[in-house]
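Observations on the three-dimensional arrangement
Here is how the chains run, residue by residue.
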Amino acid sequence: MGQDVSGTRTTPEQTRAFSKALLRDLRALERMLSDGLIESGVRRTGVEQEMFLVNEGWRPTPAALEVLERLDGPFGTELALFNLEANVEPHLLEGGCLGDLEARLEAVVGEVREAARQVGAEVVLTGILPTLSKSDVSLANRTPMSRYKALDAALSAMRNGAPYKLRIEGADELNMEHDSVMLESCNTSFQVHLQVDPEDFAPVYNIAQLVTAPVMAAAVNSPLLFGKHLWHETRIALFQQSIDTRSGSVHMRDLAPRVRFGESWIRDSIVELFQEDIARFRVLLTREVDEDPFEVLDAGGAPALQALQLNNSTVYRWNRPCYGVTDGKPHVRIECRVLPSGPTIRDEVANAAFWIGAVLGARAKYGDIADRIPFEDAKANFLAAARHGLKAGFRWLDGRVIGAQELILEEMLPLARSGLEGAGVSRSEIDRYLGVVRDRVEARLTGARWMLNSMQEMDQQSTRAEWLTALTAGMVVRQKSGDPVHLWSLAHLEEGGEGRLSYLRVEQFMTTSLFTVHEDELVDMVAFLMDRNQIRHVLVEDDGHSLVGIVSYRSVLRLTAEGFDRSTQPIPAAKEIMERDPVSVGPETRTMDAIDLMRQHRVSTLPVVSDGKLVGIVSERDFLPIAYDLLDERLRGE
């Protein structure tokens, strides 16, 4: 997505011209492979570091452009203004490359931290930011660049304007709709690239697919989304659904999602993957292509394959095939997109070492695995790892069933060691980084587990908003220490800090499990709901779930006090006693503003409305923890 694309709607003529260039690039790549023009015998690795920006209240802040103005280097934008990316230059896979990579990442992230500090922001390395809320993923936070506008418009057009539907089931359940591609911005990853010999690409790619499950099980770091406990690596489900261009029907065609693990093992070359993607998916974005790859080849050069690279950037395989040119030489590589950002840079480099070593070691030991395990089992392993982390069970080669922890410790780590040794990586570096993975797996303390353990520790002492804030703050403090996650102490409430109060929003406190009635419902039903659920207010909505009124406990009592006789009078409907057009707030309203509104209008409850629809309710009782904190701060000040 770093290429220039038009922010205007693509015309049929532009699409046809781009498709022609795309097919020409594919033929050029085939020629390069057959003529032996792709670099071989060289192993390089590179990484892309994505990160969140947060404010003093530990909530996402749209400060990316301000931060980038203060930076000069391998930094770039992402879809949302609260995300940034750093592209670290490739390293030859040899000697002390892993330590060099860690040092370079520390320097790069350090530069971002310093630039962020100058605008009152902080950097967080995590797969999904715990304090992220639904109102943060609005178009107001989309980076104002043509390529992101074009991506959103193209995906929306392919969905015929239908909303994105997100449904993820874990310990909790998340079921929601969204109107733009901004849901994708909830994810940040640590993407690892491995250059592969072109003649060996197919078996190495298959191995990469196979080993991704146990590697991810050891690296999970995204268990929470919008405050709900879902998968250990929720990014997997979230990303697939946030970029899904399919629309449902009674008779569902067998359509592949643009974000996917794949459909089968490959047999021939990297071209097989590009051909499948071109055949399965319509062109999403176009650009003006000013290169004829055959002319470049005839002149002895290395073509950029502009159309192929842009199209490849819009098809999101978890292990993505890539073409590139380094030092004037074309190469092919595999980009692992599964690994989450964080918990620390050392953890990330350890995860990269594990994946790279496992790919190379398993290739040497297992050979071609296409006939030893059904592809469906490898895919099921991938999803099991995302759901359960180290508690996942796998169906492995030759029908063997084994748990993730046992497989990693007894088989995958020794394979990773042999793979890195074979590539010429120094033994001290192998010991350091694979040791981090081993200790993490033995202790069963992944980044996801640290978050969940911290959450459980704080859950009985606080509100959800408070422990999400403390979790994020605690994460940043521990990331700066550099200690890998299995050595971290649990987060505690005090880490959220006093400044968090002014940044809290209604959506972090509101109740979304609502008891409502239709305006034509009898008052008896209102009274029943109040008595059954021990509530003092019942919201009234119409058939479209729009708020039309609110009935208070006092209104029901007043009806009785005025001498209502049900034996002689018809029972009134809710609309006859409800307060029409009650004062309401949006989910993005700051809590302090909501409290002020309650005081101004002398109400104890506020309905929460988004886009005209009733989404929640918040009451004085929900804000009691804030009142306690404010009182505590004032008493301490005295």
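About the cut-offs
Residues numbered from 1 in each chain as written. Predicted model: local features only at pLDDT ≥ 70, side-chain atom pairs only at ≥ 80, totals over all residues. Heavy atoms only, no water. Helix = DSSP H or I, 4+ residues; strand = E, 2+ residues; numbered from the N terminus. Rg over C-alpha atoms; globule rule 2.2 N^0.38 Å. Buried < 20%, exposed > 50% of the residue type's maximum accessible area, 1.4 Å probe, protein only. Contact = heavy atoms within 4.5 Å. Areas by Shrake-Rupley, 256 points an atom, 1.4 Å probe, with all protein chains shown as cover. Lys, Arg positive; Asp, Glu negative; His and termini not counted. Charge placed at Lys NZ, Arg CZ, Asp CG, Glu CD. Pairing = 2+ DSSP bridges. Salt bridge = Lys/Arg side-chain N within 4 Å of Asp/Glu carboxyl O. Phe/Tyr/Trp six-rings, centres within 6.5 Å; stacked < 30°, edge-to-face > 60°. Right-handed = clockwise from strand over helix to strand, strands pointing away. Axes fitted to C-alpha atoms, helices over the stretch in contact; angles between N-to-C directions. Parallel < 35°, antiparallel > 145°, perpendicular 65-115°, else oblique. Left-handed = near helix turned anticlockwise from the far one by under 90°. Nonpolar A, V, L, I, M, F, W, Y, C, P; charged D, E, K, R; others polar. Expected span 1.5 Å × (residues − 1). Core = buried A, V, L, I, M, F, W, Y, C linked by side-chain atoms within 4.5 Å. pLDDT = per-residue confidence, 0-100. Patch = residues over 30% accessible without salt bridge, like charges linked within 9 Å, V, L, I, M, F, W, Y side chains within 5 Å. Polar contact = N/O pair within 3.5 Å; in protein donor to acceptor, adjacent residues only side chain to side chain.

The number of helices and strands found in the protein chain is 20 helices and 21 strands. Here the C-alpha atoms of the protein chain give a radius of gyration of 27 Å, agreeing with the 26 Å that 2.2 N^0.38 yields for 638 residues. The principal-axis extent of the C-alpha atoms belonging to the protein chain is close to 95 × 60 × 55 Å. Every one of the 638 residues in the protein chain was classed for burial, and the buried ones make up 57%. Considering only contacts within the protein chain whose residues lie at least 6 apart along the sequence, 73% involve residues at least 24 apart. If you sum the accessible surface of the protein chain, you get close to 27100 Å²; carbon and sulfur atoms cover 46% of it. Across the protein chain, the 70 positively charged side chains and the 95 negatively charged ones have centroids separated by 2 Å.

Within the secondary structure, Ala153 is located in helix α4 (residues 146–158). Once the C-alpha coordinates of Ala153 and Leu224 are considered, the two residues, 71 residues apart in sequence, prove to be 28 Å apart.

On to the pairing of strand β1 (residues 44–54). For β1, a buried count of 11 out of 11 residues is recorded, marking the element as mostly surrounded by other parts of the structure. On β1, burial covers both faces: Arg44, Gly46, Glu48, Glu50, Phe52 and Val54 on one face and Thr45, Val47, Gln49, Met51 and Leu53 on the other are all buried. Across eight bridges, the pairing between β1 and strand β3 (residues 83–92) is antiparallel. Paired with Val47 across the strands is Val88, a residue of β3. Bridge analysis of β1 against strand β7 (residues 190–196) gives five bridges, and the strand direction is antiparallel. When the sheet's bridge partners are listed, Gln49 is paired in β7 with Phe190.

By the definition in use, this model includes 34 salt bridges. Of the charged contacts in the structure, one is a salt bridge between Glu276 and Arg317, with a shortest N-O distance of 3.4 Å. With Glu276 in helix α7 (residues 270–280) and Arg317 in strand β11 (residues 316–317), this pair connects stretches of sequence that are 41 residues apart. Assessed through its relative accessible area of 19%, Glu276 is described here as buried. The exposure class assigned to Arg317 is buried, which follows from its relative accessible area of 2%.

All told, the structure shown has nine aromatic pairs when counted by the stated rule. Aromatic side chains Trp318 and Phe382 sit 6.1 Å apart centroid to centroid with 45° between the ring planes, which places their arrangement in the tilted category. Taken together, the positions of Trp318 in the loop between β11 and β12 (319–326) and Phe382 in helix α11 (residues 375–388) put the pair 64 residues apart, joining distant regions of the chain. Here the aromatic cluster, defined as three or more aromatic residues joined through ring pairs, consists of Phe239, Phe261, Trp265, Tyr316, Trp318, Phe375 and Phe382.

Moving on, we come to the pairing of strand β17 (residues 537–541). With four of its five residues buried, β17 lies for the most part within the structure. Pairing of strand β16 (residues 516–518) with β17, which is carried by three bridges, proceeds in the parallel orientation. Looking at β17, one finds that Val517 is bridged to Val540. The β-α-β motif built from β16, the intervening helix α16 (residues 523–533) and the parallel element β17 has right-handed crossover chirality. One ladder, built from five bridges, connects β17 with strand β18 (residues 547–552); its direction is antiparallel. In the strand pairing of β18, Val538 is matched with Val551. In sequence, β17 turns back onto β18 through a hairpin of five residues, with His545 there showing a positive phi of about 65°.

Orientation of helix α5 (residues 201–219) relative to helix α10 (residues 345–366), taken along the N-to-C sense of each, is 135°, at an axis distance of 9 Å. The angle between the axes of α5 and α10 places the two elements in the oblique class. For the crossing formed where α5 meets α10, the hand is right-handed. Along its contact with α5, which presents Pro203, Val204, Ile207, Ala208, Leu210, Val211, Thr212, Pro214, Val215, Ala218 and Ala219, the element α10 presents Asn351, Phe354, Trp355, Ala358, Val359, Ala362, Arg363 and Tyr366. Its residues assigned to classes, the contact of α5 with α10 shows 16 nonpolar, two polar and one charged.

The end-to-end C-alpha distance of α10 is 31 Å, a good match for the 32 Å that 22 residues give at a rise of 1.5 Å each. Backbone geometry just downstream of α10 places Gly367 in the positive-phi region, at approximately 70°.

Take unusual backbone geometry next. Glycine aside, the phi torsion of most residues is negative, and most peptide linkages are trans. The omega torsion across Gly342 and Pro343 is -5°, close enough to zero to call that bond cis. For Pro343, the location among the structural elements is in the loop between β13 (329–336) and α10. Not every positive phi belongs to a glycine, and Asp327 is a case in point at roughly 55°. The residue Asp327 is located in the loop between β12 and β13 in this model.

The next subject is the nonpolar core. Taken as a class, soluble globular proteins show a tendency for nonpolar side chains to be buried jointly. In this structure, Leu225, Phe354, Trp355, Tyr366 and Phe394 are the most contacted members of the largest nonpolar core, which totals 172 residues. With 14 residues, the single largest contributor to this core is α5. When residues no more than four places from it in sequence are discounted, the contact partners of Leu225 are Ile128, Leu166, Ile168, Leu174, Cys186, Leu230, Thr234 and Leu238. Residues Val517, Val548, Leu559 and Ala574 belong to the second largest nonpolar core, which totals 14 residues.

Bringing the sheet that holds β18 into the picture now. Pairing is mixed across the open sheet formed by four strands, whose spatial order is β16-β17-β18-β19. Every other strand in the sheet has two partners, leaving β16 and β19 (579–580) as the edge strands with one partner each.

The next point concerns the confidence of the model for the protein chain. Of all residues in the protein chain, 92% attain a pLDDT of 70 or more, and the chain-wide mean is 89. Between residues 248–254, whose pLDDT stays under 50, and residues either more than four places distant or in other chains, the model counts one contact.

Relative orientation of the contacting elements α5 and α11 amounts to 15°, with a least axis distance of 8 Å. By the angle between their directions, the pair α5 and α11 is classed as roughly parallel. As for the relative orientation of α5 and α11, their crossing is left-handed in sense. Counting all contacts with α5, which are made through Gln209, Thr212, Ala213, Met216 and Ala217, the residues of α11 involved are Phe375, Asn381, Phe382, Ala385 and Ala386. Across the contact of α5 with α11, the residue classes break down as seven nonpolar, three polar and no charged.

On the surface, Arg536, Arg554, Arg558 and Arg621 cluster together into a patch of positive charge. Mapped onto the elements of the fold, Arg621 is located in the loop between β21 (613–619) and α20 (624–637).

The next subject is the side chain of Glu39. You can see Glu39 is positioned in the loop between α1 (12–34) and β1. At 2.9 Å, the side chain of Glu39 and the side chain of Arg44 are in polar contact. If near-sequence neighbours (up to four positions away) are discounted, Glu39 is found in contact with Arg44, Gln195, Pro198, Lys329, Pro330 and His331.

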